[in-house]
Amino acid sequence: MRALTWQGKHDVRVETVDDPEILNPRDAIIKITATAICGSDLHLYDGYIPTMKAGDIMGHEFMGEVVETGPDSTLEIGQRVVVPFTIACGSCYHCGKQQFAACDNGLPADNQDIGQAVYGHPTAGLFGFSHMNGGYSGGQAEFVRVPFSDVGPIIIPDGVADEKVLFLSDILPTGWMAAENADIEPGDTVAVWGCGPVGLFAVQSAFIMGAERVIAIDHFPHRLELARRFGAETINFEESKTYEALMEMTGGIGPDACIDAVGLEAHGLFADNVIDQIKVSTFLGTDRIHAIRQAIHACRKGGRVSMPGVYGGFADKFPLGALMEKGLTLKTGQTHVQYYMPELLTRILDGEIDTTFLISHTLPLERAADGYRMFHDEQNEVTKVILKPGMAQAA
Amino acid sequence: METQPVRATSDDAPFSTAKSSSDDDRLMSQAVTINRSPGDLFQFWRHLPNLASFMENVEQIELLDEQRSRWVVKGPGDSDVEWVSRITDEREGEMLAWESEAGADVPNSGTVTFRDAGARGAVVTATIAYDPPAGTIGRIIAKMFQREPAIQARRDLRRFKQLMETGEIATGARNRRLLQEGKN
């Protein structure tokens, strides 16, 4: 089959590799009809995530048609499914508590050592996201092997376009959980750092959960415009001073809840970012944490900070004092996708949530490398790239 | 074989986690919580040939009688190491203790306990003591069995947990070829 493989920093290629097969009783093989490039794929593309190996197939946002099932899969051949990016068994203690991203069994035993050493506990298995996350082949390919197919994939009714439901795999539940983790109360003002897909879905979700005002922060005018379309006020951090603007816009109180939808590759020429970046290039593991620093700094006393943005290593100059002295609550984590999917699918089918506005480019899988370069280099215009294995290549 | 070290700490932590222990390199202990009843887990474990399904280095376990079994385990290079293990004590659904018989390539003994953990299932704790043989080959075996056993046992227990909780052992391999090549 054809698949997008990681070869090294800023080097991804579509190559011919051998097909996936059923290995365990609960497996299924999915023929991919649509897959997306995620902002966190750019962390791999930029070489920030360790334990990637040349030849690894990327991609954790995908959907398709069931073409083969193991004896214990509950799926049927021909069904259309969206697959969660977290690999969860459904039978351990954490899955029983609906904490699917904390599943004990999604990671192969040998791959659990790194997480155990670095984080104290092994983390969830993820598709196409390095060997410390399981070394699973991702979905930016023609076919993918899906373990625990009786637990993860959600069946999509016929007649619903891929574009409407594809983002159930990651970014919609991630934006939704980000807003849920902000414990939004009616009348709240919520500030969202980053108007990428997760930030924009967090804006939408915050309003649905009762926020009175949402203030969206970014430096790409087009992305801020998308946030404004959902009713958000905006701050362009290249034109305005974020903290000062937030304080004045909230009458000196500060936002009741702050959402960092940026993660470890914060942009901007801030002194702390430059220092962090030098450290990243010389001493692996210090994340660039400008967004979360600013979120904690701006959040009102007794407020909530939600951090869906991805971090992988250690933080320098983390404002621990502000967190404590202001009595803030910080919630974060990989998304419990399996838990949120059914409710969000219903909201999509009811017309309450539309995610198609995000898609700026649709390309054949063969042009995946172009997609990565565009998404990486032209972030203002390129908000979301979808890849379709079956799509004919333009001349 | 003497396997009970003298308690060296004043706290309630497991003795295998003591910072100063003369048995550091000979004794290891690992615990895992599994979402099944202690009885189920004991039963699976008590049928000793089952253990080869999740213990990576074990090639074969052959039952000799109710108490005795012959173990063939991957050794250094292409060699195998062997011993006959004898169950010295058992309490149905709770505990199993074993000891290798005289002539073992790597004399070893240990216990595995299954403790009820209510809604979380059961806590399985394996405590193993190894006695390295002398000589060059002994040093190689010692390196394998003394330095690695904690890691190996931890991985084996994780596979045991996966098998008992999910009915399968997780792999990141895409197909049989990659699985056989051990590429995850």
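Calculation notes
- Residues numbered from 1 in each chain as written.
- Chains lettered and ligands numbered in written order.
- Predicted model: local features only at pLDDT ≥ 70, side-chain atom pairs only at ≥ 80, totals over all residues.
- Core = buried A, V, L, I, M, F, W, Y, C linked by C-beta atoms within 7 Å.
- Buried ≥ 20, exposed ≤ 12 C-beta atoms within 10 Å, placed from the backbone.
- Domains from an automatic or database assignment.
- Contact = placed C-beta atoms within 7 Å.
- Pairing = 2+ DSSP bridges.
- Helix = DSSP H or I, 4+ residues; strand = E, 2+ residues; numbered from the N terminus.
- Axes fitted to C-alpha atoms, helices over the stretch in contact; angles between N-to-C directions.
- Parallel < 35°, antiparallel > 145°, perpendicular 65-115°, else oblique.
- Left-handed = near helix turned anticlockwise from the far one by under 90°.
- Nonpolar A, V, L, I, M, F, W, Y, C, P; charged D, E, K, R; others polar.

**With respect to the nonpolar core**
Where a protein is soluble and globular, its nonpolar side chains tend to be buried together. I30(A), V190(A), V192(A), A202(A), A216(A) and I259(A) are the most contacted members of the largest nonpolar core, which totals 120 residues. The residue makeup of this core includes at least three contributed by each of domain 1 (2-170 + 335-388) and domain 2 (174-332) of chain A. In contact with V192(A), not counting residues within four places along its chain, are G199(A), A202(A), V203(A), V214(A), A216(A), I217(A), I259(A) and A261(A). In terms of nonpolar packing, the next biggest core, distinct from the first, is built from 23 residues, L27(B), W83(B), L96(B) and A126(B) among them.

**A look at the sheet that holds strand β11 (residues 189-193) of chain A**
All names here are of chain A. Spatial strand order, β13-β12-β11-β14-β15-β16: six strands in an open sheet with parallel pairing. For this open sheet the edge positions go to β13 (233-236) and β16 (329-332), each flanked by a neighbour on one side alone. Within this sheet the neighbouring strands show an average axis-to-axis angle of 20°, counted without direction. Here strand β15 (residues 304-307) runs beside β16; their pairing, made up of four bridges, is parallel. Counterpart to V305 in the pairing with β16 is L330.

**As for the packing of helix α8 (residues 242-249) of chain A against helix α10 (residues 290-298) of chain A**
Residues and elements named next belong to chain A. Axis separation between α8 and α10 bottoms out at 10 Å; the angle between their running directions is 30°. When the axis of α8 is compared with that of α10, the two are roughly parallel. The element α8 and its partner α10 pack so that their crossing is right-handed. For the pair α8 and α10, the contacting residues are T242, Y243 and L246 in the first and Q294, H297 and A298 in the second. Of the residues contributing to the contact of α8 with α10, the split by class is three nonpolar, three polar and no charged.

**Considerations on the domain arrangement of chain A**
Residues and elements named next belong to chain A. Split by domain assignment, chain A resolves into domain 1 (2-170 + 335-388) and domain 2 (174-332). Each of domain 1 and domain 2 was reduced to a C-alpha centroid, and the two centroids are 26 Å apart. Listed as interface residues are 20 residues of domain 1 and, on the opposing side, 18 residues of domain 2. Counting only elements with at least two residues in the side of domain 1 that touches domain 2, the list comes to α1 (39-45) and α12 (337-349). A per-element tally of the side of domain 1 that touches domain 2 places α1 first, with three residues. In terms of residue class, the side of domain 1 that touches domain 2 is made up of eight nonpolar, eight polar and four charged.

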